[in-house]
Amino acid sequence: MGRDDDKKIVMKFLLDSNVKEHVSILPIVGIGGLGKTALAQCVYNDKMVTKYFDLKMWVCVSNDFDVKKIVKNIIACAKKKEQTEVVMEHLQSELRGEIDGKRYLLVLDDLWNVDQEKWLSLKTLLVGGARGSKILITTRLPLVAKIIGTALPHFLGGLSEKASVDLLMKIACGKGEEIQDPEMLAIAKEIARKCSGVPLVVRTVGSLLFFKKTNFEWLHFKDYELPDVSQREDHIKYVLRLSYDHLPSHLKQCFAFCSLFPKSYKIRKQTLVNLWMAEGFI
Ligand SMILES: Nc1ncnc2c1ncn2[C@@H]1O[C@H](COP(=O)(O)OP(=O)(O)O)[C@@H](O)[C@H]1O
Ligand SMILES: [Mg+2]
């Protein structure tokens, strides 16, 4: 995934058994679309990591830091079962029961507004694991990292130029195809450079290029449509907007309809298609 160095740093943290604290917390920090979640997933699914921990749990936090909801989701993940319990005291003892004495890994993905008090009340519930337990958090906000981390945050950088070009080509050309034309390759490199190493931008631009087949179209896109994206949220939104603008209008409403689902909601394909049909979109 072109993130070998980042992966090494995070793995070293996770597999370190020589720790002072009971549970150590590493924040991964970077703007949206930079690949924080992807990096966390990559280490979470690593064989060595899986073998090292007795228990692994992944919870998506997003907008509201609701301690009860998070505790519920942690238990659900540990037990692989929805939680219906609503009394906080019961949830707390259930959580303690799940992690007690186990070396666990917990990922809290996409933390936003955390105040110190709420965090401490959650942290108190999480110290019962065996020494060497680790928490990985991803966040856009350095302040959140400062409040929560026990280790210095890992500030994620952009993809290397080579990784960006490779990713761009993979998406722009589809599976199995490769561009041989040196002129097109040169344009691709310049386009990749304009994406500033932000994987979400590279992917979005790649999928736009997929529909453009000639050097002229690529060149036109590079010079007149794609701005220089620096690693800033508003620039990134601009490129995402491009991909929306390129949709034919009947698909725009299908896409816009998806905003009715909450963030991180797992959308079932067939349900979505049925809903689109009910709306008369397709
Ligand atoms: N190293 C990578 N190689 C290829 N694609 C990546 C890489 N990192 C992230 N992506 C893709 O870029 C998009 C944004 O990544 P994500 O991890 O969701 O960003 P973040 O969590 O920082 O907002 C996703 O579609 C993800 O699959
Ligand atoms: Mg994320």
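Just so you know, these numbers come straight off a predicted model, no measurement behind them.

Overall, the coordinates contain seven aromatic pairs when judged by the stated rule. Centroid distance Phe-210 to Phe-211: 5.4 Å. Interplanar angle 90°. Geometry classified as edge-to-face. Over the face of the ring belonging to Tyr-244 we find Lys-252, whose NZ or CZ atom lies 5.5 Å from the ring centre.

In terms of domains, the protein is made up of domain 1 (4-155) and domain 2 (161-246). One C-alpha centre belongs to domain 1, the other to domain 2, and the line joining them spans 34 Å. In total, domain 1 and domain 2 occlude about 490 Å² of area from one another, counting both sides; carbon and sulfur atoms represent 60% of this. Counting the contacts that link domain 1 with domain 2 gives one salt bridge. One can count two residue pairs in polar contact (both at pLDDT 80 or more) joining domain 1 with domain 2. When grouped by side-chain class, the residues that make up the side of domain 1 that touches domain 2 number two nonpolar, three polar and one charged.

Nonpolar side chains in soluble globular proteins tend to end up buried together. Residues Leu-14, Leu-136, Ile-191, Val-205 and Trp-218 are the most contacted members of the largest nonpolar core, which totals 48 residues. No other element matches the eight residues that helix H8 (residues 161-173) contributes to this core. Both domains that meet at this core, namely domain 1 (4-155) and domain 2 (161-246), each give it at least three residues. With residues near it in sequence (within four places) discarded, Trp-218 still touches Ala-172, Ile-179, Met-184, Ile-187, Ala-188, Ile-191, Leu-209, Lys-212 and Lys-213.

Moving on to the packing of H8 against helix H9 (residues 182-194). Orientation of H8 relative to H9, taken along the N-to-C sense of each, is 115°, at an axis distance of 9 Å. On the basis of the axis angle, H8 is roughly perpendicular to H9. Along this stretch, H8 crosses H9, giving a crossing that reads as right-handed. Counted together, Glu-161, Ser-164, Val-165, Leu-168 and Met-169 of H8 and Leu-185, Ala-188, Lys-189, Ile-191, Ala-192 and Arg-193 of H9 form the full contact between these two elements. Among the residues forming the contact of H8 with H9, the class breakdown is seven nonpolar, one polar and three charged.

Looking now at the layout of surface pockets. The volume enclosed by the largest pocket comes to roughly 1,000 Å³. Only helix H2 (36-44), strand S2 (55-62), strand S3 (104-111), H8, helix H10 (199-209) and helix H12 (233-245) provide two or more residues apiece to the lining of the largest pocket. In this structure, the lining of the largest pocket is formed jointly by two domains, domain 1 (4-155) and domain 2 (161-246), each of which donates at least three residues. Surrounding the second largest pocket, 22 residues form its lining, Val-59, Cys-60, Asn-73, Glu-82 and Ser-264 being those nearest its centre. Elements that contribute at least two residues to the lining of the second largest pocket include exactly S2 and helix H4 (67-79). If one sorts the elements of the lining of the second largest pocket by residue count, H4 sits on top with six residues. For the lining of the second largest pocket, a count of residues per class yields nine nonpolar, four polar and nine charged.

Basis of the calculations
- Residues numbered from 1 in each chain as written.
- Chains lettered and ligands numbered in written order.
- Predicted model: local features only at pLDDT ≥ 70, side-chain atom pairs only at ≥ 80, totals over all residues.
- Heavy atoms only, no water.
- Phe/Tyr/Trp six-rings, centres within 6.5 Å; stacked < 30°, edge-to-face > 60°.
- Lys NZ or Arg CZ within 6 Å of the ring centre and 35° of its normal.
- Domains from an automatic or database assignment.
- Buried area = accessible area lost by both parts, 1.4 Å probe.
- Salt bridge = Lys/Arg side-chain N within 4 Å of Asp/Glu carboxyl O.
- Polar contact = N/O pair within 3.5 Å; in protein donor to acceptor, adjacent residues only side chain to side chain.
- Nonpolar A, V, L, I, M, F, W, Y, C, P; charged D, E, K, R; others polar.
- Core = buried A, V, L, I, M, F, W, Y, C linked by side-chain atoms within 4.5 Å.
- Buried < 20%, exposed > 50% of the residue type's maximum accessible area, 1.4 Å probe, protein only.
- Helix = DSSP H or I, 4+ residues; strand = E, 2+ residues; numbered from the N terminus.
- Contact = heavy atoms within 4.5 Å.
- Axes fitted to C-alpha atoms, helices over the stretch in contact; angles between N-to-C directions.
- Parallel < 35°, antiparallel > 145°, perpendicular 65-115°, else oblique.
- Left-handed = near helix turned anticlockwise from the far one by under 90°.
- 1 Å grid on protein atoms, 1.4 Å probe; cavity = no way out; pocket = protein on both sides within 12 Å on 5 of 7 lines; lining within 4 Å.
- Points joined across faces, edges and corners; volume = space filled by probe spheres on them.

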